[in-house]
Amino acid sequence: DIKSYSEFLGFICGIVSGNFDITNIFVDGIFKIVGTSELEGFEEFLTRLEKMSQKFNIKFEISVSIDTEAAPDYIKKYA
């Protein structure tokens, strides 16, 4: 029953805090998980994942359903 990117980030942080040997996290359909395709808060979510990736050496793969032409630059840099 996750309703925002920040709630989902909290969920991921909980997983990482309980399992220090995680090397990869795959998220399929982020918009379905948070219940919206609105991008408000998504840039901050990606930035925080990037920091977590660097700190804990975790590779994140996030599936995003968005038109590549209409995608903001902060999403395109990860494509």
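A brief structural summary. (Residues numbered from 1 in each chain as written. Predicted model: local features only at pLDDT ≥ 70, side-chain atom pairs only at ≥ 80, totals over all residues. Heavy atoms only, no water.)

## Observations concerning the pairing of strand β1 (residues 24–27)
Across the two faces of β1 the burial differs, with Ile25 and Val27 buried and Asn24 and Phe26 not buried at all. Direction of pairing for β1 relative to strand β2 (residues 59–62): parallel, over a ladder of four bridges. Within the sheet, the bridge partner assigned to Val27 lies in β2 and is Ile62. (Buried < 20%, exposed > 50% of the residue type's maximum accessible area, 1.4 Å probe, protein only. Helix = DSSP H or I, 4+ residues; strand = E, 2+ residues; numbered from the N terminus. Pairing = 2+ DSSP bridges.)

## Describing the pattern of salt bridges
Taken as a whole and assessed by the stated rule, the structure comprises three salt bridges. For the salt bridge of Glu50 with Lys77, the shortest nitrogen-to-oxygen distance reads 3.8 Å. Here Glu50, found in helix α3 (residues 42–56), pairs with Lys77, found in the segment after α4 (73–76); they are 27 residues apart in sequence, far enough to count as distant. Residue Glu61 is joined to Lys59 by a salt bridge in which the shortest nitrogen-to-oxygen separation is 3.4 Å. You can call Glu61 partly exposed: its relative accessible area is 36%. (Salt bridge = Lys/Arg side-chain N within 4 Å of Asp/Glu carboxyl O.)

## Focus on the nonpolar core
A general trend in soluble globular proteins is that nonpolar side chains are found buried together. One finds Ile12, Ile25, Ile30, Phe42 and Phe45 to be the most contacted residues of the largest nonpolar core, which totals 21 residues. Elements supplying a minimum of two residues to this core: α1 (5–18), β1, α2 (30–34), α3 and α4. (Core = buried A, V, L, I, M, F, W, Y, C linked by side-chain atoms within 4.5 Å.)

## Describing α3
Spanning 15 residues, α3 covers 21 Å between terminal C-alpha atoms, matching the ideal 21 Å at 1.5 Å per step. Among all positions of α3, only Phe42, Phe45, Leu46, Leu49 and Met52 are buried. For α3, the arc enclosing every buried residue in end-on projection is 120 degrees, short of the 170-degree limit, so these residues lie on one face. In this structure, α3 carries Lys51, Gln54 and Lys55 as exposed residues pointing more than 90 degrees from its buried face. Along its buried surface, α3 packs onto α1, α2, β2 and α4. Just past α3, the residue Asn57 takes up positive phi, approximately 55 degrees. (Expected span 1.5 Å × (residues − 1). Arc of directions from axis to C-beta. Contact = heavy atoms within 4.5 Å.)

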